[in-house]
Amino acid sequence: MIIYVAATLCVVGLAVGQILFKVSATALSESGTFFAIKPAAILFAAMCLYGATSVAWVWVLQKVELGRVYPLMALAFVLVPLGSHLVFGERFQPQYFIGVAIIMVGIFITVKA
């Protein structure tokens, strides 16, 4: 069970990293240079989070088969858009929510298999 919690935290870390990459890109657009403190700091934070998450993912893979935990990565398709809505105010069409429901059912089926 702890392995699935760790794997889920890895997915959350990757999703947060994606949001940070977008925040960094926005800050870069505003400043016009990577040498400005804000975009560089945010990009560095995103890269550190990705690095730590990758190390944690390797630990997870030492404990369980890739095919058993990899379906959890599909949660990123739910978490990243949710984060983009909360952070950037992005909007989605109704079909998006149908797709999210299908993804969630698929994750549930594959993890229980």
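These numbers come from a predicted model, not from an experiment.

**Side note on the overall build of the protein chain**
And step 1. What the protein chain contains, in helices and strands, is five helices and zero strands.
And step 2. Mapped from its N terminus to its C terminus, the protein chain presents α and β elements in the order α-α-α-α-α.
And step 3. Projected onto its principal axes, the C-alpha positions of the protein chain cover 50 × 40 × 15 Å.
And step 4. By the burial criterion, 27% of the 113 residues in the protein chain qualify as buried.
And step 5. Residue pairs in contact within the protein chain that sit at least 24 positions apart in sequence constitute 68% of those at least 6 positions apart.
And step 6. Entry remark: accessible area of the protein chain is about 7,300 Å², with carbon and sulfur atoms responsible for 75%.

**Looking at the side chain of Ser-24**
And step 1. Take Ser-24: it is sitting in helix H1 (residues 2-31).
And step 2. With a relative accessible area of 3%, Ser-24 lands in the buried category.
And step 3. There is a polar contact of 3.2 Å between the side chain of Ser-24 and the backbone oxygen of Pro-39.
And step 4. When near neighbours in sequence (up to four residues on either side) are disregarded, Ser-24 contacts Pro-39, Ile-42 and Leu-43.

**Here we look at helix H2 (residues 37-63)**
And step 1. In a regular helix each residue adds 1.5 Å, so 27 residues correspond to 39 Å; H2 covers 39 Å between its end C-alpha atoms and thus fits that length.
And step 2. Where H2 is buried, its residues touch H1 and helix H3 (66-69).

**Overview of the nonpolar core**
And step 1. Core analysis: the largest hydrophobic core is formed by 14 residues, its most contacted members being Ala-7, Trp-57, Val-60, Val-69 and Leu-72.
And step 2. Listing elements by their share of this core, those giving two or more residues are H1 and H2.
And step 3. For this core, the element with the highest residue contribution is H1, accounting for six residues.

**A closer look at the packing of aromatic side chains**
Two aromatic rings are characterised by how far apart their centres lie and by the angle between their planes.
And step 1. Under the counting rule described, the total for this entry stands at three aromatic pairs.
And step 2. Judged by centre distance (5.3 Å) and plane angle (80 degrees), the rings of Tyr-96 and Phe-97 are edge-to-face.
And step 3. Taken together, Phe-92, Tyr-96 and Phe-97 form an aromatic cluster joined through their ring pairs.

**With respect to the confidence of the model for the protein chain**
And step 1. Across the protein chain, the average pLDDT comes to 91, with 100% of residues at 70 or higher.
And step 2. Taking the mean pLDDT of every element in the protein chain, the minimum, 87, falls on helix H5 (residues 94-112) and the maximum, 95, on H2.

What counts, and at which threshold
- Residues numbered from 1 in each chain as written.
- Predicted model: local features only at pLDDT ≥ 70, side-chain atom pairs only at ≥ 80, totals over all residues.
- Heavy atoms only, no water.
- Helix = DSSP H or I, 4+ residues; strand = E, 2+ residues; numbered from the N terminus.
- Buried < 20%, exposed > 50% of the residue type's maximum accessible area, 1.4 Å probe, protein only.
- Contact = heavy atoms within 4.5 Å.
- Areas by Shrake-Rupley, 256 points an atom, 1.4 Å probe, with all protein chains shown as cover.
- Polar contact = N/O pair within 3.5 Å; in protein donor to acceptor, adjacent residues only side chain to side chain.
- Expected span 1.5 Å × (residues − 1).
- Core = buried A, V, L, I, M, F, W, Y, C linked by side-chain atoms within 4.5 Å.
- Phe/Tyr/Trp six-rings, centres within 6.5 Å; stacked < 30°, edge-to-face > 60°.
- pLDDT = per-residue confidence, 0-100.

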